[in-house]
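Each chain, written out:
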Amino acid sequence: MTGKDIVTANPWQTLRRFTSARIALGCAGGSLPTAPMLELQLAHARARDAVHLPFEAAAIQAQLTAIGLETLRVHSAAPNREIYLRRPDLGRRLDGASRSLLESCADLAAQAHDAVLVIADGLSALAAHHHAAGVVALAQAALGERGWHVAPVVVAEQSRVALGDEIGELLRAAQVAILIGERPGLSSADSLGVYLTHAPRVGRSDAERNCISNIRPDGGLSHLQAAHKLVYLMTEARRRQLTGVALKDASDDVALLVQRSG
Amino acid sequence: MTRFSYTLGQRRYAFDDLTALMARASSPKSGDQLAGIAAGSDEERVAARYALADLPLSSFLDEALIPYEVDEVTRLILDGHDRNAFADIAAFTVGELRDWLLSYETDDAALARVAAGLTPEMAAAVSKLMRNQDLILVAKKRSVVARFRNTLGLPGRLAIRLQPNHPADDARGIAAAMLDGLLYGAGDAVIGINPVSDSVSKIIALLELVDEVRRRFDIPTQSCVLGHVTSTIEAIERGAPVDLVFQSVAGSEAANRSFGIDLALLGEARAAALSLERGTLGDNVMYFETGQGSALSANAHHGVDQQTCEARAYGVARHFAPLLVNTVVGFIGPEYLYDGKQITRAGLEDHFCGKLLGLPMGCDVCYTNHAEADQDDMDNLMTLLGVAGCNYLMGVPGADDIMLNYQSTSFHDALYLRQVLGLRPAPEFESWLEKMGVMQEGRRLLHIDERHPLVTAQLPAGLP
């Protein structure tokens, strides 16, 4: 008897072409055979690693500096990952030093900002590492061409979506767009989301935001597509002075708003 | 004002009110810590339990944790309290109730007799004094049977909800996962799809898909598309084949409002489903999901700990004679249940409280990728719940739900429990599996070749 004979294969494997669900896995007795058991473990291990991966904020700042963008670095009131996971409320507020930093920046600024873009780790630093700078570079260039006065890019550590509200409020920005790592799934450990909020203030609800989710190369949105949607939504938000359920994403109906980078 | 206190050695612990006492006595949960209502130390937690043990059960009839005037769930609980059923236990303290539940003499019939006399708060209170083994022992005594097209909850049986979700509601993808589950012997609790879209037309299309498969193979089970209750009501009005009405429910009026529901709406939905008379063995037509932390996440917990809020959700559920109720125990994330230990404890508490209150309890044994948990933790909890006589668990292909992005239990997991605990499917479904050559004696998968009718099925019509 060989190991191959011990495992019962399922004669409906052709159905796999209709779904990415883990069907027709076969069985050893009634249990999961070794190969699919390890596949599930690997997918989970990658997702967990993405959640706990340290955020390379300095590297992201360096990337942005290299393309001529100013940056500011802030930290939420959650001092580490464990507290971040237990206390979403702390991840929504800045720590004291970060608040002072942004206050002094706002005092120095000659005029209020039309918008601020924030890059945040969220639940997947991996997503921020892979996609955030790319999307920000495209969007910031397109906004610059349209004459927007955009604040320095804020890089935020141990951050939840709502941290953008406090950042936008302190920088006196008319809008905040926070690019943040989404909760990793088994098939996508590096999916990035963007949340856009008009007139950011501490205490805004999620119903007052627009979301672009699933930014990742395989099966999700490309950086170019994401930047296009973001610039569309920011332009519409500025025109209509709102974000949230009343602002619909019709970006698929308009020509590309961002330039392919060289 | 201090209403309750307990002195341990030199230290006197004071608790302002019944709500605070319950919260401090609760097993450690990150959600109660987040809400700022958990015990400040392990000793304070035990002091609260001592005080709770001495508390007369009737205190919960005199003092509502969420005021009667502001909350229809409280009104439902107190107005529906059955004084006759309460008579046997009316003189007990919470600690004495625990001892009574554990005694040999307290059997299924005795537990059934007092169910309507127990409020959710009493069930929650006694659960806080119980170790995991106590929660298992008492739940195991109680069998709550419910029927629609088969019989769920009989002793020695474990049913499985087949959950063939797809991230785009694709009919072929859902059909493929459904066939996979049926060929692994799952689907007796319900074939239940979580839709991505809340469009009623989409929901009707999915209902028709599952109903066609069920009728074609004469499967003794029921189907459900887990859309919002208002969508299901509209689907019924449009003539869709609705077996069960699904809704997520919580333990306060405000939390239910955040779900877009109230008790009147649930009553309306149940009446609509009953009017279709689709059940052949019984008329339990409701399917509810719950989970600790939902009230806090809606900022609608009124300072009440998450386990007590959860028990109050069962107070809502039992009013509507459901076929299925399951806590989705680890779905909400680590800010409410931090790790495998907290998820396990919550799963056992929820199953116990539900059974004690007379509900046909199942459990979605699950976790998310940012929780400190893995499949080993799920193995532990599903085994404990199997021992405790849980009515049903989830069956997700490979335990990986590609639509909801979390890990639950798999078809293989059910086969494991059938082997180690001798648990069989619902009797009608077991006969069907036998007839179809899928499973033998409810335990062992049979060899299935490529000519099996479920494999060759062109499902649904027009699909490859």
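Residues numbered from 1 in each chain as written. Chains lettered and ligands numbered in written order. Predicted model: local features only at pLDDT ≥ 70, side-chain atom pairs only at ≥ 80, totals over all residues. Heavy atoms only, no water.

Now for the pattern of salt bridges. Residues and elements named next belong to chain B. A full pass over the atoms with the stated rule returns 40 salt bridges over all chains. For Glu234, the salt bridge goes to Arg238, with nearest N and O atoms at 3.2 Å. One salt bridge in this structure joins Asp243 and Arg278, with 2.7 Å as the shortest N-O distance. Here the residue Asp243 occupies a position in the loop between helix 13 (229–237) and strand 8 (245–248), and Arg278 occupies one in the loop between helix 15 (263–276) and strand 9 (286–290), the gap between them amounting to 35 residues. You can call Asp243 buried: its relative accessible area is 1%. Beyond isolated ion pairs, a larger network of salt bridges with shared partners links Arg149, Asp211, Arg214, Arg215, Asp243 and Arg278. (Salt bridge = Lys/Arg side-chain N within 4 Å of Asp/Glu carboxyl O. Helix = DSSP H or I, 4+ residues; strand = E, 2+ residues; numbered from the N terminus. Buried < 20%, exposed > 50% of the residue type's maximum accessible area, 1.4 Å probe, protein only.)

All names here are of chain A. Spatial ordering of the open sheet is given by 1-3-2-4-5-6, a layout of 6 strands whose pairing is mixed. One side of each edge strand has no neighbouring strand; the edge strands of this open sheet are strand 1 (71–75) and strand 6 (209–215). Strand after strand, the sheet turns through a mean of 20° between neighbouring axes, direction not considered. Where strand 4 (residues 175–181) meets strand 5 (residues 192–198), 7 bridges bridge the pair, whose relative direction is antiparallel. Each residue of the ladder has a partner; that of Val176, found in strand 5, is Thr197. The strands touched by helix 7 (residues 125–145) are strand 2 (116–120), strand 3 (153–157), strand 4, strand 5 and strand 6; relative to strand 2, the strand with the most contacts, the crossing angle is about 170°. (Pairing = 2+ DSSP bridges. Axes fitted to C-alpha atoms, helices over the stretch in contact; angles between N-to-C directions. Contact = heavy atoms within 4.5 Å.)

Residues and elements named next belong to chain A. Assigned domains within chain A: domain 1 (4–50) and domain 2 (55–253). Each of domain 1 and domain 2 was reduced to a C-alpha centroid, and the two centroids are 37 Å apart. For domain 1, the biggest contributors to the area lost against domain 2 are Ala43, Ala47 and Ala50; these three give 75% of the whole. At the junction of domain 1 with domain 2, the criterion picks out 0 residue pairs in polar contact (both at pLDDT 80 or more). (Domains from an automatic or database assignment. Buried area = accessible area lost by both parts, 1.4 Å probe. Polar contact = N/O pair within 3.5 Å; in protein donor to acceptor, adjacent residues only side chain to side chain.)

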